[in-house]
Amino acid sequence: MGYILTEEQEFLKDSAKDLLKAAPVALVRELRDNNNPNGFSMDLWDKMVEMGWPATALSEESGGLGFGLRGAGILMEESGKTLSGSPLLSTLIVSKIIERYGNSMMKQILESCINDGKIVAIALQEGNFYSSKPKSTTISIANGKALLNGEKSMVVDGHVADYFLVTADSEEGTYTVLVNAKSEGVKIDKVQMMDARFYGVVSFNDLDISEDSTFNPNDSKNIIGDITNMANALLSAELIGIMSEAFHRTIDYLKERRQFGKIIGSFQGLQHRAADLYGEIEVSKSLSIRALDALDENDFMAPALCSMAKVKSSKVAQLATNEGVQMFGGIGMTDDEEIGFFLKRARVASLLFGGSNYHLNRYAKMSGY
Amino acid sequence: MSLEVFRKEVQEFLKLNCPDSMRKPIMEENDTYWGGRNAKFKNADQEKWFHAMAEKGWTTPKWPKKYGGGGLSNDEARILKKEMEKLGCRPPLLSFGIWMLGPALLKFGTEEQREQYLPDIIKGKVRWCQGYSEPGAGSDLAGLQTSAIADGDHYIVNGQKVWTSYADAADMIFALTRTDNSSKKQIGITFLLIDMLSEGVSTRPIKLISGKSPFCETFFDNVKVPKANVVGDENAGWTVAKYLLTHERASISGAVDADMMTPLSHYAKKSIGLDEQGTLNDKVLRGDIAEWEIDGAAFKFTLDRINQEMKAGQAIGAKSSFMKYYGSELNKKKYELRLQCEGLKAHAWSGEEYNEGKIARQFCRTKGNSIEGGTSEIQLNIVAKHILGLPS
Ligand SMILES: Cc1cc2nc3c(=O)[nH]c(=O)nc-3n(C[C@H](O)[C@H](O)[C@H](O)COP(=O)(O)OP(=O)(O)OC[C@H]3O[C@@H](n4cnc5c(N)ncnc54)[C@H](O)[C@@H]3O)c2cc1C
């Protein structure tokens with residue numbers, strides 16, 4: 001579709017900027033230093049819910065704002081610029097999954113996400129690296145009950161979840177289930193990562209899921225595929241925000257810091273690296289937008305484009321934050337300077353739902369080599 | 001006319017007028033038609049295709065109808081481009097007149113100049129070359145010294161140009177000359193149109209690392225040029241020159257775009273093969289190719305984006321420098337990978353079974369991409385200064 005924002009999209013972007021003024025990078029530091037157990041501000045999340053953000057990507061027929069994933073990407077990009085953590089990513093993805101594949105019970109859960117900010121965390125990964133398919137999480141039948149067992153890692157928003165969307169293998173194939181996080185048989189640990197955010201390590205121990213909502217098993221493959229695609233396209237948008245802001249701050253610093261009696265931005269060695277980075281950021285943006293649009297258009301290229309966007313945004317966000325730290329010099333290495341926060345969030349965001357090698361491989365496979 | 005009706009019309013037209021052989025990838029120099037007084041068509045198909053397109057003005061889809069151009073809107077032109085891409089149609093005419101001089105005349109030329117030169121560019125009757133660089137003025141173009149001294153209603157031009165692509169095949173040259181040496185070097189440059197058949201103009205081919213000689217030294221020895229051939233004002237040629245460069249740079253990046261149709265993986269699969277999992281046997285190369293293809297697509301989308309931004313009224317300006325830089329570096333990388341994809345046979349220099357060293361020669365030629373039209377370093381300087389606002 002279009003690379004240029006429509007008036008409505010501009011409006012969405014402006015309102016996102018406004019809201020996120022309350023959540024600058026300084027807030028990330030504050031939450032971290034005060035050992036906030038959530039790693040993000042619940043107040044901020046409440047405000048996002050009030051603004052209707054969880055329903056951004058949903059069609060108007062399903063009670064959403066009708067902005068599609070492209071609009072959701074705008075919110076992600078803006079949150080990337082301020083490094084604002086919130087359950088937005090999980091919620092945006094889950095809302096689309098339920099809209100597309102959910103039964104009436106799930107739609108009720110979705111209502112509570114949209115209206116009350118309930119959180120559904122996506123529990124796919126097991127172990128150290130992303131793999132969309134379950135490895136050792138299983139559903140077995142015993143005494144007429146369906147029991148869920150296994151451990152999921154790197155569960156975004158797992159530590160604050162009300163529900164989990166879990167993938168598990170059974171004798172009949174892969175299932176996708178929505179389980180209540182407060183049930184007995186669910187154990188939630190959390191780990192704090194480099195980006196000062198928390199991620200769930202969630203284990204299921206003979207959790208009886210007979211009463212829980214199960215997606216049609218025929219949809220499992222598509223659900224997992226859709227999650228991987230949406231998550232990575234949205235993360236690519238967040239990474240665009242991260243790289244743009246890190247770059248912006250770096251350029252400002254280049255125009256301000258003096259050495260050898262000159263503004264350091266006048267040194268050609270730095271100018272060329274900055275100009276090269278400018279180009280890399282521009283092409284990353286176009287690819288990310290294209291991927292989000294492709295999802296909204298149901299373009300057959302969408303899955304490949306989502307992987308491509310994730311690869312490119314990850315690499316360039318890493319480059320931009322590395323260059324940022326380097327060009328700030330000694331100050332860049334200090335915890336006092338905020339550029340380091342961008343470096344760290346870029347790494348974790350790149351890793352979520354598959355790092356760049358995972359997606360290079362996925363793209364190459366899809367392209368027949 | 002609605003765009004869908006237009007699309008139908010284009011499809012019909014192409015089906016009827018673009019012969020099968022003109023829908024094959026360009027393999028050698030004479031697969032393309034450059035026009036000009038001495039031009040010869042390679043075969044009847046090429047001739048038919050060219051005339052059909054020239055008749056419609058579709059050699060220059062967006063140029064005004066009154067000069068013989070296509071008069072298409074941006075949307076229509078994009079449809080034409082997409083439909084041609086779908087069929088793999090070769091461009092009917094390659095021309096510095098189209099890519100460089102035409103846009104400058106449309107902006108800075110007098111009405112007489114437009115009427116005199118544009119129709120011949122559109123119909124491929126006159127072939128132009130570019131006389132910018134000199135032995136002492138490459139990156140520092142404004143330091144040029146080829147002199148034009150006023151003499152009644154004429155100038156007398158003396159000096160030397162270098163790296164003039166296709167000067168020995170061209171009918172006309174658009175040249176930068178110095179008409180005033182007394183102030184800042186950017187002031188005192190005049191943009192002149194010179195007939196290559198004028199007395200005192202001579203050329204000498206230069207052999208490149210590709211083994212070919214597409215460019216020349218061009219000498220001017222007391223060449224008489226009418227004052228009517230000045231584009232823009234006397235001493236104000238630098239503005240015209242720079243504007244033309246933005247078009248040159250944008251068209252160089254567009255050429256990279258067009259060259260991306262066959263994916264690298266196609267060549268790699270053919271010569272290296274796949275394993276049982278269906279992945280390329282050379283895993284390192286597989287990753288490199290995937291990364292290149294992703295960059296290539298990202299660049300292509302960016303060209304689309306810039307197009308849309310221009311349509312929305314933003315000037316391209318220094319963005320053409322980014323496009324030129326990114327596109328030419330991408331093309332160089334592509335040929336590095338192409339050599340790896342095809343091993344020995346890509347490195348051969350001659351012999352019929354090696355297509356007379358076509359790939360190796362093309363590889364060598366791509367090294368010029370980041371030199372011609374202003375080097376990569378110069379493009380980065382421009383981006384740093386004019387887009388990022390970094391101080392000198
Ligand atoms: C294939 C090809 C076709 C061409 N066709 C034409 C044509 O048709 N007409 C025409 O007029 N010209 C043509 N050119 C010439 C081309 O525009 C010049 O070669 C180019 O502008 C560079 O000038 P130069 O060769 O003098 O190199 P130089 O300017 O001497 O540059 C040498 C090196 O120094 C670097 N450098 C120079 N200045 C700076 C700086 N300020 N900062 C950092 N690095 C710097 C350059 O990037 C380069 O790496 C062509 C060139 C090629 C390769």
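Before going into details, it helps to say that this report is about the structure given with it. (Residues numbered from 1 in each chain as written. Chains lettered and ligands numbered in written order. Predicted model: local features only at pLDDT ≥ 70, side-chain atom pairs only at ≥ 80, totals over all residues. Heavy atoms only, no water.)

1. Considerations on the layout of surface pockets
Put simply, the test is: Of the two site types, the cavity is a set of points on a 1 Å grid over the protein atoms alone where a 1.4 Å probe fits but cannot get out, and the pocket is an open set with protein on both sides within 12 Å along at least five of seven lines, each lined by residues with an atom within 4 Å of a point. Grid points are joined across faces, edges and corners, and a volume is the space filled by probe spheres set on the points. Helix and strand assignments follow DSSP, with helices taken as H or I runs no shorter than four residues and strands as E runs no shorter than two, numbered in order from the N terminus. Side-chain classes are defined by residue name, with Ala, Val, Leu, Ile, Met, Phe, Trp, Tyr, Cys and Pro counting as nonpolar, Asp, Glu, Lys and Arg as charged, and the others, Gly among them, as polar.
If you add up the space inside the second largest pocket, you get close to 680 Å³. Put simply, the parts of the chain that give the lining of the second largest pocket at least two residues each are α1 (7-20), α4 (68-82), α7 (220-254) and α8 (268-297) of chain A together with α8 (283-311) of chain B. A per-element tally of the lining of the second largest pocket places α7(A) first, with eight residues. Broken down by class, the residue content of the lining of the second largest pocket amounts to 13 nonpolar, five polar and 14 charged.

2. So, the site of the ligand
Going by this rule: Only a single heavy atom is needed: when it lies within 4 Å of a molecule or strand, its residue is near that molecule or strand. In protein, a polar contact requires one atom able to donate a hydrogen and another able to accept it; more generally it is a pair of N or O atoms within 3.5 Å, and residues adjacent in sequence count only if both atoms are side-chain atoms.
Lining the immediate surroundings of the ligand are 18 residues, of which B:Ser133, B:Ser139, B:Trp163, B:Thr375 and B:Glu377 lie closest. In this structure the ligand sits where residues from chains A and B come together. The contact in question runs from a nitrogen atom of the ligand to an N or O atom on the side chain of A:Gln268, over 2.8 Å. Within the contact set of the ligand, an oxygen atom lies 2.6 Å away from a side-chain nitrogen or oxygen of B:Ser139. Residue assignment for the shell around the ligand shows that the elements contributing at least two residues are β3 (154-165) and α11 (376-387) of chain B.

3. Topic: the packing of aromatic side chains
Each aromatic ring pair is described using two quantities: the centre-to-centre distance and the angle formed by the ring planes. Selection criterion: Classification of ring pairs uses Phe, Tyr and Trp, with its six-membered ring standing for Trp, and accepts pairs whose centres are within 6.5 Å; under 30 degrees between planes counts as stacked, over 60 as edge-to-face, and the remaining range as tilted. The rule is simple: take the accessible area with a 1.4 Å probe, protein chains only, and divide by the maximum for that residue type; under 20% is buried, over 50% is exposed, in between is partly exposed.
A complete count under the given rule lists 24 aromatic pairs over all chains for this structure. An angle of 15° between the planes, with centres 4.4 Å apart, marks the rings of A:Tyr253 and A:Phe328 as stacked. In this pair, A:Tyr253 is assigned in helix α7 and A:Phe328 in helix α9 (residues 302-328), connecting sequence segments 75 residues apart. Overall, the relative accessible area of 12% leaves A:Tyr253 in the buried class. Look at B:Tyr132 and B:Phe174: their rings are 6.2 Å apart centre to centre, the planes differ by 85°, and that puts the pair in the edge-to-face class. In this pair, B:Tyr132 is assigned in the loop between β1 (128-131) and β2 (147-151) and B:Phe174 in strand β4 (residues 172-178), connecting sequence segments 42 residues apart.

4. Describing the pattern of salt bridges
Oppositely charged side chains can form a pair if their charged atoms are brought close together. Formally: The salt bridge definition used is simple: a Lys or Arg side-chain nitrogen within 4 Å of an Asp or Glu carboxyl oxygen.
Within the structure shown, the criterion is met by 49 salt bridges over all chains. Between A:Asp335 and A:Arg29 there is a salt bridge; the shortest N-O distance is 3.3 Å. With A:Asp335 in the loop between α9 and α10 (339-351) and A:Arg29 in helix α2 (residues 25-33), this residue pair connects regions lying 306 residues apart in the sequence. As a salt-bridge pair, B:Glu12 and B:Lys15 come within 3.7 Å of each other at their nearest N and O atoms. With B:Glu12 and B:Lys15 both in helix α1 (residues 3-17), this residue pair falls three residues apart, about one helical turn. B:Glu12 gets classed as partly exposed once you look at its relative accessible area, which sits at 47%. The class for B:Lys15 is exposed, based on a relative accessible area of 60%.

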